[in-house]
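Inside the fold
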Amino acid sequence: AMDIAQMAHLNQTRRSSGKPYIVHPRRVATRARQLGYNKDIQIAAILHDVIEDAPDPKRYGELIKNYFGSKTLQIVKDLSHGKNKPYIDYIIGLWKRNPQAFKVKMVDMVDNLTDQPSPSQVKKYTNAIKTLSQKGADIPDTVLKLIKNK
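This write-up is about the structure you can find in this document. This is a predicted model, so every value here is computed, not measured.

1. Observations regarding the environment of Q100
Along the chain, Q100 falls in helix α8 (residues 99-113). Distance in space between the C-alpha atoms of Q100 and V23 is 22 Å, their sequence separation being 77 residues. Setting aside chain neighbours within four positions, we find Q100 in contact with N38, D40, I41, K71 and I75.

Below, the structure is given as structure tokens:
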């Protein structure tokens, strides 16, 4: 999974820090492992931005399916946010549709909120988490604590 992520994110950098982008999926996967999430979630955590960011999403989707199966591919696909869909609609849909992808997204939010987030990221995630909480979503304490401080 790491090889696929490294190929997909080759020469990409984090906007916030300028570090190689691959540090982000590595941290997300590490957090997923520390939380005791299953292997499918850990693999999807490494690959969570591949379909969105890869130069050839179809090819990378086929690689994910071939190596890790349809279930992992579906998690990764569900994590891909189409830019024409409002973020709040995307995140609510993810929560309702795919609990495994939602867990990855929560861990992704933690990482994004702890890696020099922009004001717009803080606002986007804070609004999403508050809305999800109001709708009854189970938001991890680590995420709730982060937005409490923002």
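2. Some remarks on the nonpolar core
In terms of nonpolar packing, the biggest core is built from 47 residues, with L47, V50, I91, M109, L132 and I139 touching the most fellow members. Top contributing element to this core by residue count: α8, with 8 residues.

3. Description of unusual backbone geometry
One non-glycine residue, N11, adopts positive backbone phi at about 65°. Residue Q116 is not a glycine yet carries a positive backbone phi of 50°. Residue placement: Q116 occurs in the loop between α8 and α9 (119-134).

4. Quick word on the side chain of D111
With respect to the element layout, D111 can be found in helix α8. Here the side chain of D111 touches H24 through a polar contact of 2.5 Å, side chain to side chain. Setting aside its immediate chain neighbours within four residues, D111 contacts R14, H24, R27, V28 and R31.

5. Examining the packing of α9 against helix α10 (residues 141-148)
Across the interface, α9 lies against α10 with an axial gap of 10 Å and an inter-helix angle of 125°. In terms of orientation, α9 lies oblique with respect to α10. Our pair here, α9 against α10, has a crossing hand that is left-handed. Contact with α9, carried on its side by T126, I129, K130 and S133, involves V143, L144 and I147 of α10 and no other residues of that element. Its residues assigned to classes, the contact of α9 with α10 comprises 4 nonpolar, 2 polar and 1 charged.

Calculation rules
Residues numbered from 1 in each chain as written. Predicted model: local features only at pLDDT ≥ 70, side-chain atom pairs only at ≥ 80, totals over all residues. Heavy atoms only, no water. Helix = DSSP H or I, 4+ residues; strand = E, 2+ residues; numbered from the N terminus. Contact = heavy atoms within 4.5 Å. Core = buried A, V, L, I, M, F, W, Y, C linked by side-chain atoms within 4.5 Å. Buried < 20%, exposed > 50% of the residue type's maximum accessible area, 1.4 Å probe, protein only. Polar contact = N/O pair within 3.5 Å; in protein donor to acceptor, adjacent residues only side chain to side chain. Axes fitted to C-alpha atoms, helices over the stretch in contact; angles between N-to-C directions. Parallel < 35°, antiparallel > 145°, perpendicular 65-115°, else oblique. Left-handed = near helix turned anticlockwise from the far one by under 90°. Nonpolar A, V, L, I, M, F, W, Y, C, P; charged D, E, K, R; others polar.

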